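Analysis of the macromolecular model
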Amino acid sequence: CHPSIHHNTVSTMTRAMIVTAAQMSCYEQTKEYIIKTTTMQDSIPVHIAASLVAGGVAAITSNPFDVAKTRLQDMSVGADGKRPYSNTFDCIAKIARSEGSAALYKGFTATWARQAPLNVIRFVCLEQFNRLFESIGYARVIISAPPEPEVCPHGLVGKCAQCLTDKSRELMKHMM
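What you see is a predicted model; the values in this text were computed from it and never measured.

1. Topic: the packing of aromatic side chains
This model, assessed by the stated rule, comprises 4 aromatic pairs. Considering the side-chain rings of Tyr105 and Phe108, the 6.4 Å spacing of their centres and the 65° angle between planes classify their relative orientation as edge-to-face.

Written as structure tokens, this is what we have:
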């Protein structure tokens, strides 16, 4: 296995985690904020606005990782036999030290121009699928509030061992 494959895979996975975490969390928070602080209802214009913000946040948070990923993919072994960067974070730190932090945002406009429409399509479609699924009795697909913790008959949050055993017995009786 060629060593650069490992660097490329890790840097790509790191970037993907950052982008996904940024856009998914930011979208829902922005949507809720717009609905709570304006007269707008949960609608396609709100979904588009929240998507554009999520795309911007994803671009801001991921661009340094994009730059590092490109550098890691393009790096070659130096005359001393060493690679200039050991990992994504080492690459980001070295770029910031030697070229300034603005260098981590090279290509930002292109990144945001890619993220914005992608997020609009993704989240508007997701919301429409959620509405469709809810209309036929299913739960929301991805984005939804976590369920409230259940209190068992013994007063414990969640399920105690006795309740789990009782539930297992009920399921077994039903299956037989």
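2. Observations concerning a nonpolar patch on the surface
Taken together, Ile44, Ile48, Leu52 and Trp112 make up a surface patch of nonpolar side chains, about 310 Å² in accessible area. The element best represented in the nonpolar patch is helix α2 (residues 44–74), accounting for 3 residues. Along the chain, Ile48 turns up in helix α2.

3. Considerations on the confidence of the model for the protein chain
Summary statistics for the protein chain give a mean pLDDT of 82 and a share of 76% for residues scoring 70 or more. Between the elements of the protein chain, mean pLDDT differs from a low of 60, seen in helix α5 (residues 161–175), to a high of 94, seen in helix α3 (residues 88–99).

4. A few points about the packing of α2 against helix α4 (residues 108–135)
Relative to each other, α2 and α4 sit at 140°, their axes nearing to 7 Å. Considering their axes alone, α2 and α4 lie oblique with respect to each other. As for the relative orientation of α2 and α4, their crossing is right-handed in sense. Along the lines of polarity and charge, the residues of the contact of α2 with α4 split into 13 nonpolar, 10 polar and 4 charged.

Rules used throughout
- Residues numbered from 1 in each chain as written.
- Predicted model: local features only at pLDDT ≥ 70, side-chain atom pairs only at ≥ 80, totals over all residues.
- Heavy atoms only, no water.
- Phe/Tyr/Trp six-rings, centres within 6.5 Å; stacked < 30°, edge-to-face > 60°.
- Patch = residues over 30% accessible without salt bridge, like charges linked within 9 Å, V, L, I, M, F, W, Y side chains within 5 Å.
- Areas by Shrake-Rupley, 256 points an atom, 1.4 Å probe, with all protein chains shown as cover.
- Salt bridge = Lys/Arg side-chain N within 4 Å of Asp/Glu carboxyl O.
- Helix = DSSP H or I, 4+ residues; strand = E, 2+ residues; numbered from the N terminus.
- pLDDT = per-residue confidence, 0-100.
- Axes fitted to C-alpha atoms, helices over the stretch in contact; angles between N-to-C directions.
- Parallel < 35°, antiparallel > 145°, perpendicular 65-115°, else oblique.
- Left-handed = near helix turned anticlockwise from the far one by under 90°.
- Nonpolar A, V, L, I, M, F, W, Y, C, P; charged D, E, K, R; others polar.

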